[in-house]
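The residues making up each chain are set out below.
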Amino acid sequence: KEFEKRKKKEAKKVPKWKRDRDALREAMKAGKMMQQALAAGKSLADLPPPTSSVPDDRVACKLCGRKFNEDRIKKHMDICKKINGKKKVKKSTRLRR
């Protein structure tokens, strides 16, 4: 059962190159529709809005909010704890006359 669950989870993940390819195809299709509408003298407001469904499968850091891949978030959080744990001291600035 454990193996089947893991296999289904891996099957749902779409590789980055495939997501990028699909996004490019959608953008090209939307551009072609715009050119056809302009050539026909139609308003661009009549066109359907372009789809932009870019899934973000990265994990956000709980300390700083930056996003990382699942395999890198642990290492980043260790570093982030060290950096964010220190007090930040602002340098005093001189007043200019």
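The structure displayed is predicted, hence computed values, not measured ones.

A. The arrangement of the overall build of the protein chain in detail. Along the protein chain, the regular secondary structure elements total three helices and two strands. Starting at the N terminus, the α and β elements of the protein chain follow one another as α-α-β-β-α. Scored against the burial criterion, the 97 residues of the protein chain give a buried share of 6%. Counted over contacts in the protein chain with a minimum sequence separation of 6, partners at least 24 positions apart contribute 10%. Just so you have it, the protein chain exposes about 10,000 Å², and 55% of that area is on carbon and sulfur atoms.

B. Molecular detail of the state of the cysteines. Enumeration over the complete set of coordinates arrives at zero disulfides. Cys61 supplies the cysteine sulfur nearest to Cys64, a cysteine that is in no disulfide, at a spacing of 3.7 Å. By relative accessible area, which is 37% here, Cys64 ends up partly exposed. Among the cysteines around Cys80, which has no disulfide bond, Cys64 carries the closest sulfur, lying 3.9 Å off.

C. Molecular detail of helix α2 (residues 16-40). Compared with the 36 Å implied by 1.5 Å per residue over 25 residues, the 36 Å span of α2 between its first and last C-alpha is a close match. Backbone geometry just after α2 places Gly41 at a positive phi near 80°.

D. Here's a closer look at the environment of Lys16. The residue Lys16 is located in helix α2 in this model. Here the side chain of Lys16 touches Asp20 through a polar contact of 2.8 Å, side chain to side chain.

E. Structural detail: the confidence of the model for the protein chain. Chain-level statistics for the protein chain give a pLDDT mean of 78 and a share of 71% at 70 or above. Summarising per-element confidence for the protein chain, the mean pLDDT is lowest in helix α1 (residues 2-12) (60) and highest in strand β2 (residues 67-68) (90).

F. Structural context of helix α3 (residues 73-85). Its 13 residues give α3 an end-to-end C-alpha distance of 17 Å, which sits within 8% of 18 Å, the value for a rise of 1.5 Å per residue. All buried positions along α3 are accounted for by Ile73, His76 and Cys80. Taken down its axis, α3 places every buried residue within 55° of arc, on the same side. Turned more than 90 degrees away from the buried face of α3, the exposed residues are Lys74, Lys81, Lys82 and Gly85. Among the structural elements, β1 (59-60) and β2 are those in contact with the buried residues of α3.

The rules behind each value
- Residues numbered from 1 in each chain as written.
- Predicted model: local features only at pLDDT ≥ 70, side-chain atom pairs only at ≥ 80, totals over all residues.
- Heavy atoms only, no water.
- Helix = DSSP H or I, 4+ residues; strand = E, 2+ residues; numbered from the N terminus.
- Buried < 20%, exposed > 50% of the residue type's maximum accessible area, 1.4 Å probe, protein only.
- Contact = heavy atoms within 4.5 Å.
- Areas by Shrake-Rupley, 256 points an atom, 1.4 Å probe, with all protein chains shown as cover.
- Disulfide = S-S within 2.5 Å.
- Expected span 1.5 Å × (residues − 1).
- Polar contact = N/O pair within 3.5 Å; in protein donor to acceptor, adjacent residues only side chain to side chain.
- pLDDT = per-residue confidence, 0-100.
- Arc of directions from axis to C-beta.

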